[in-house]
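What follows is each chain in one-letter form.
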Amino acid sequence: MQAYNHYIGGEWVKPTGNGYIDSKNPFDGQPWVQIARGTAEDADAAVDAAHAAFRNPAWAGLTPTQRGKLLARLADLIERDAQHLAELETRDNGKLFAEMHAQTRYIPEWFRYFGGLADKIQGAVIPLDKKGYFNFTRREPLGVIVAITPWNSPLLLLTWKLAPLLAAGNTVVIKPSEHTSVSTLELARLFDEAGFPPGVVNVVTGFGAEVGQRLVTHPKVSKIAFTGSDANGKLIYQTAAASLKKVSLELGGKSPNIVFEDADFDQAINGVLSGIFAASGQTCIAGSRLLVQRSIYKRFLERLVERATTARLGNPMQPDTQVGPVTTEVQLAKVLDYIEIGKAEGAVPLCGGKRARGNGIDDGWFVEPTIFAEVDNSMRIAQEEIFGPVLSAIPFDTQDDAIRIANDSIYGLGAGVWTQNIKRAFALSEAIESGMVWVNTYRAVSFMSPFGGYKQSGIGRESGIEAIDEYLQTKSVWIAAGATVDNPFIIR
Ligand code: NAD
């Protein structure tokens, strides 16, 4: 079996502990490659390489335009290898090849967009209230960034960090999920080919509590950019506080998908299905709470159940498969556990409800698409992120009820609104407490549009122009242009 080492300072480096971890294919439960099990020493070596590269003229001395060109070159290489990278992602995380290929083909646009922004990072000349000074600001990179990513969309979520942080002139140590590190390691080769100086991008693999923990406490690291579960996000936030690192967090959600009686019925059905069963519900923006107006509630759920029970589960590499496995065995157990919790809470299971078997998927970690009706928003299956193909349907009467239920959550990542009433669409887009609101669509993202959470769904934004601010700091420069230091004992 192929064994991957760390990528540090432009070299492939064996783990100091000599340990490797099996990476398993969720479709058959079998190990298919090994990745290095990183240690604290490995983390230190990667941070040292990134720290040296940050100060090295080979990177620090590039003009912003040259940096931008490197990003554009990288984009071309990713485009060339999009199919290969998508195949690796599907083997590692079990999501549909069609979905992963769509992602790897789209990823280059982030590098082009932020590459284009690299030489448009501008400071300002401040029209001071004082005579005799010239005051201007410089927008400078932070230093070494640690990017920690989850298993559900490894390269896309990494790209949302990498493109802006590199455009801003930082260097990085990446710690991908221990379940899905391979595509990130293969991506690392492309940085070399694109001409990035060694040490600008480093990858260490292994467990969060081992190599990850050290990265989060390392004194030479300026910022942690994390995507993952809210429990680990909170832990990392606390740990990073000890050395006052900057932190951005993209965490979980319990996003409401709200269907009004005046919605385009078939479009809403498709939108709700795509919100929860695409990627087997393993997306942070899963529309896992379905709010349906009572007048259409019964009819809507009947159609939804019909579609959910006929969805094709199977090999995620096959083009006609609609639902793949969940990514890990632990996740399988967690999802099945939540299904039992829902039953115990008194929610009514309309379909699914167990591990899926048959049709050649017995060895895979498959869960039947599951829909619970008569869910009360206070139930755990309405409040906690399940991260699997489990939908909790909640009826509502009025627009105000819908808003109240939608906002009754510690999370605030995404929300869907299905209505043909434009006034209602505007009212809801204003009233809902979440980072993204999709009206008559769901799960749409772009490199140009900000993505991030309200409330406990996160801190900071990825994508869009403002994402680059997450990786910059401002220096104010004062030059005396006539002003003199007369009285040294008072502030100027
Ligand atoms: P996770 O929190 O278990 O792991 C994420 C990463 O953090 C992994 O690389 C892991 O090794 C690392 N890690 C864990 N503990 C650590 C520690 N103490 N120090 C340093 N690193 C540590 O998340 P997951 O299960 O891989 O991913 C699923 C979660 O990610 C879900 O909650 C989902 O909602 C969230 N997610 C959020 C977004 C978003 O953009 N908001 C996108 C995708 C996924």
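Keep in mind it's a predicted model, so treat the numbers as computed, not measured.

**Details of the sheet that holds strand β18 (residues 414–418)**
Ordered in space as β14-β15-β16-β13-β12-β18-β19, the 7 strands form an open sheet in which the pairing is mixed. Where the open sheet ends on each side, the last strands, each with one partner, are β14 (348–351) and β19 (436–439). Direction aside, the axes of adjacent strands within the sheet are offset by 25 degrees on average. Where helix α12 (residues 329–345) meets the sheet, its contacts fall on β14, β15 (370–373) and β16 (390–396), and the angle it forms with β15 comes to roughly 20 degrees.

**So, the domain arrangement of the protein**
Looking at the protein, the domain boundaries give domain 1 (2–251 + 457–476) and domain 2 (256–439). Just the C-alpha atoms count here: the centres of domain 1 and domain 2 sit 31 Å apart. Facing 22 residues of domain 1, the contacting portion of domain 2 comprises 29 residues. In total, domain 1 and domain 2 occlude about 2,100 Å² of area from one another, counting both sides; carbon and sulfur atoms represent 64% of this. The largest share of the area that domain 1 buries against domain 2 comes from Phe 27, Trp 151 and Ser 457, three residues that together contribute 32% of it. On the surface where domain 1 and domain 2 come into contact, there are 8 residue pairs in polar contact (both at pLDDT 80 or more). Of all the secondary-structure elements, those providing two or more residues to the side of domain 1 that touches domain 2 are α4 (82–93) and α5 (97–117). Counting residues per element, the side of domain 1 that touches domain 2 draws most heavily on α4, at 4 residues.

**So, the site of the ligand**
What surrounds the ligand is a group of 29 residues, the closest being Lys 175, Glu 178, Ser 229, Leu 251 and Glu 385. Separating an oxygen atom of the ligand from a side-chain N or O atom of Lys 175 is a distance of 2.7 Å. Contacts to the ligand include Leu 251, whose backbone N or O atom sits 2.7 Å from a nitrogen atom. Secondary structure elements with two or more residues in the shell around the ligand: α8 (208–217), β10 (221–227) and α9 (230–241). A breakdown of the residues in the shell around the ligand according to their chemical character gives 14 nonpolar, 11 polar and 4 charged.

**Some words on the nonpolar core**
Formed by 88 residues in total, the largest nonpolar core has its most connected members in Leu 162, Leu 166, Phe 196, Val 259, Leu 290, Phe 300 and Leu 304. Looking at which element gives the most residues to this core, the answer is helix α6 (residues 154–167), with 10 residues. Built from parts of two domains, this core gets at least three residues from each of domain 1 (2–251 + 457–476) and domain 2 (256–439). Setting aside residues no more than four positions away along its own chain, Phe 300 makes contact with Val 259, Phe 265, Ala 268, Ile 269, Val 272, Leu 290 and Val 292. Membership of the second largest hydrophobic core comes to 29 residues, among which are Leu 332, Val 335, Ile 405 and Val 417.

**Focus on the packing of aromatic side chains**
The full count for this structure, using the stated rule, is 17 aromatic pairs. Seen from their ring centres, Phe 27 and Phe 366 are 6.2 Å apart, and the 80 degrees between their planes marks the pair as edge-to-face. A residue pair is termed long-range when its members are at least 10 positions apart, and Phe 27 in the loop between β4 (20–25) and β5 (30–36) and Phe 366 in the loop between β14 and β15 qualify at 339 residues. Classification of Phe 27 by relative accessible area gives buried; the value is 19%. Residue Phe 366 is classed as buried on the basis of its relative accessible area of 0%.

**Here we look at the environment of Arg 492**
Relative to the helices and strands, Arg 492 is located in the segment after β22 (472–480). Sequence separation of Arg 492 and Lys 130 is 362 residues, and the distance between their C-alpha atoms is 9.0 Å. Those residues in contact with Arg 492 that lie beyond four places of it in its chain are Lys 130, Tyr 133, Thr 484, Val 485 and Asn 487. In terms of polar contacts, Arg 492 uses its side chain to reach the backbone carbonyl oxygen of Asn 487, at 3.2 Å.

**Focus on the side chain of Asp 230**
Inspection of the secondary structure puts Asp 230 in helix α9. Of the side chains bearing the opposite charge, Lys 234 lies closest to the buried Asp 230, which forms no salt bridge; the N-O distance is 4.3 Å. If we skip the residues at most four places from it in the chain, Asp 230 touches Leu 251, Ile 410, Tyr 411 and Gln 456.

**Observations regarding the pattern of salt bridges**
As enumerated under the stated definition, the model contains 26 salt bridges in all. Here Lys 175 ties to Glu 178 by a salt bridge, and the two come within 3.4 Å at their closest N and O atoms. Take Lys 175: its relative accessible area is 3%, and that puts it in the buried class. The closest approach of N and O atoms between Glu 340 and Lys 343, which form a salt bridge, is 3.3 Å. A residue pair is termed a helical-turn pair when its members lie 3 or 4 positions apart in one helix, as Glu 340 and Lys 343 do in helix α12 at 3 residues. Taking relative accessible area as the criterion, Lys 343 reaches 36% and is therefore assigned partly exposed. Within the structure, one salt-bridge network assembled from shared partners comprises Asp 76, Glu 79, Glu 109 and Arg 112.

Parameters at a glance
- Residues numbered from 1 in each chain as written.
- Predicted model: local features only at pLDDT ≥ 70, side-chain atom pairs only at ≥ 80, totals over all residues.
- Heavy atoms only, no water.
- Pairing = 2+ DSSP bridges.
- Helix = DSSP H or I, 4+ residues; strand = E, 2+ residues; numbered from the N terminus.
- Axes fitted to C-alpha atoms, helices over the stretch in contact; angles between N-to-C directions.
- Contact = heavy atoms within 4.5 Å.
- Domains from an automatic or database assignment.
- Buried area = accessible area lost by both parts, 1.4 Å probe.
- Polar contact = N/O pair within 3.5 Å; in protein donor to acceptor, adjacent residues only side chain to side chain.
- Near = heavy atom within 4 Å.
- Nonpolar A, V, L, I, M, F, W, Y, C, P; charged D, E, K, R; others polar.
- Core = buried A, V, L, I, M, F, W, Y, C linked by side-chain atoms within 4.5 Å.
- Buried < 20%, exposed > 50% of the residue type's maximum accessible area, 1.4 Å probe, protein only.
- Phe/Tyr/Trp six-rings, centres within 6.5 Å; stacked < 30°, edge-to-face > 60°.
- Lys, Arg positive; Asp, Glu negative; His and termini not counted.
- Salt bridge = Lys/Arg side-chain N within 4 Å of Asp/Glu carboxyl O.

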